[in-house]
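# Structural overview
If you want the building blocks of each chain, they are given just below.
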Amino acid sequence: MNCRSEVLEVTVEARQVEEAMLALLHTILLHRSSGKFHYKKEGTYSIGTVGTLDIDCDFIDFTFVRVSSEELDRGIRRAVSEFKDALSITGSDGMGQISLEFYQKKKSRWPFSDECIPWEVWSIKVNVVNLANEQERQICREKVGEKLGEKVINVVEVINRHEYLPKMPTQSEVDNVFDTSLKDVQPYLYKITYQITDTLGTSVSTTMRRLIKDTLAL
């Protein structure tokens, strides 16, 4: 099986990291989740509905849609919070990457543990810049909102391609494909990881500041 890999990149100030990551991760998981499976007998099942919520950001001019499951939201927020805290240790300018990997399990014979085989990985590169004043922050608030809108459209376009998805499992194999631990939604099995780089590339930092200065000059 070939694993699909998609890369997104955003430049934000420190206070926007959490909301930007939540917006993108929730957008992806919205399209990689289903309602709960209710099996009547082997091979016959119905699928519950997936509720959604509109979320307004506090530090970005942006509203995103997420699955209404509070359990799912808590798990994503926990991972994003750890990433944000690790990123903040690098100082005012920093760079990191958070990845959302979807996988399926392949049963192994005892005494070996199950094999986890990734089939799709989304990597979000994050560049953090330090801005000088409130006027620059307001412009950044608007520009980041515009960029997130573009990224969300990109995510939806990628997901709508007719590419590999794990086939619908039988009742006995559903845990090999979906996370069935949540009571109100059933995402594909996934894990979130991150890595931090100490310094921000000069070109990225300069590009954002130039964008802000060009806007101020209008």
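Now for a quick tour of the structure. (Residues numbered from 1 in each chain as written. Predicted model: local features only at pLDDT ≥ 70, side-chain atom pairs only at ≥ 80, totals over all residues. Heavy atoms only, no water.)

## A short note on helix α2 (residues 70–88)
Test applied: Think of it this way: any DSSP run of H or I at least four residues long counts as a helix, any run of E at least two long counts as a strand, and we number them from the N terminus. What a helix is expected to span follows from its residue count: subtract one and scale by 1.5 Å. Note on classification: 1.4 Å probe, protein chains only; a residue is buried when its accessible area is under 20% of the maximum for its type, exposed when over 50%, partly exposed between these limits. Starting at the helix axis, one direction is taken to each C-beta atom, and the arc is that of these directions. In protein, a polar contact requires one atom able to donate a hydrogen and another able to accept it; more generally it is a pair of N or O atoms within 3.5 Å, and residues adjacent in sequence count only if both atoms are side-chain atoms.
When the terminal C-alpha atoms of α2 are compared, their 26 Å separation across 19 residues agrees well with the 27 Å that a helix rising 1.5 Å per residue should span. Within α2, burial applies to Leu-72, Asp-73, Gly-75, Ile-76, Ala-79, Val-80, Phe-83, Ala-86 and Leu-87. Looking down the long axis of α2, one finds its buried residues gathered within 165° of arc, a one-sided arrangement. The opening residue of α2 is Ser-69, an N-cap whose side-chain oxygen sits 3.4 Å from the backbone nitrogen of Glu-71.

## Focus: the sheet that holds strand β1 (residues 4–13)
How we decide: Only strands that DSSP links by at least two bridges are regarded as paired with each other. Geometry is summarised by axes, namely lines fitted to C-alpha atoms with helices restricted to the contacting stretch, and by angles between N-to-C directions that run from 0 to 180 degrees. Throughout, a contact is declared for two residues whenever any of their heavy atoms are within 4.5 Å.
A sheet is described by the order of its strands in space; here 4 strands give the open sequence β1-β8-β7-β10, paired in mixed fashion. Sheet topology places β1 and β10 (190–197) at the edges, where each strand pairs with a single neighbour. Neighbour-to-neighbour, the strand axes of the sheet open up by a mean angle of 20°, direction not taken into account. Sheet topology places β1 next to strand β8 (residues 115–129); 10 bridges connect them, and they run parallel. Pairing of Thr-11 across the sheet is with Asn-127, part of β8. Packed on one face of the sheet, helix α1 (residues 17–30) meets β1, β7 (94–106), β8 and β10 and runs near 25° to β7.

## Examining the pairing of β8
Here is the key point about a regular strand: its side chains alternate between the two faces of the sheet. Here β7 pairs with β8 via 13 bridges, running antiparallel. In the sheet register, Lys-105 faces β8, and the bridge partner there is Cys-116.

## Quick notes on α1
The terminal C-alpha atoms of α1, which comprises 14 residues, lie 20 Å apart, in line with the 20 Å expected from a rise of 1.5 Å per residue. Counting buried residues in α1 gives 12 out of 14 residues, a clear majority hidden from the surface. Taken together, the buried positions of α1 are occupied by Val-17, Glu-19, Ala-20, Met-21, Leu-22, Ala-23, Leu-24, Leu-25, His-26, Thr-27, Ile-28 and Leu-29.

## Side note on the environment of Lys-147
Among the structural elements, Lys-147 can be located in helix α3 (residues 134–159). Once the C-alpha coordinates of Lys-147 and Val-10 are considered, the two residues, 137 residues apart in sequence, prove to be 7.6 Å apart.

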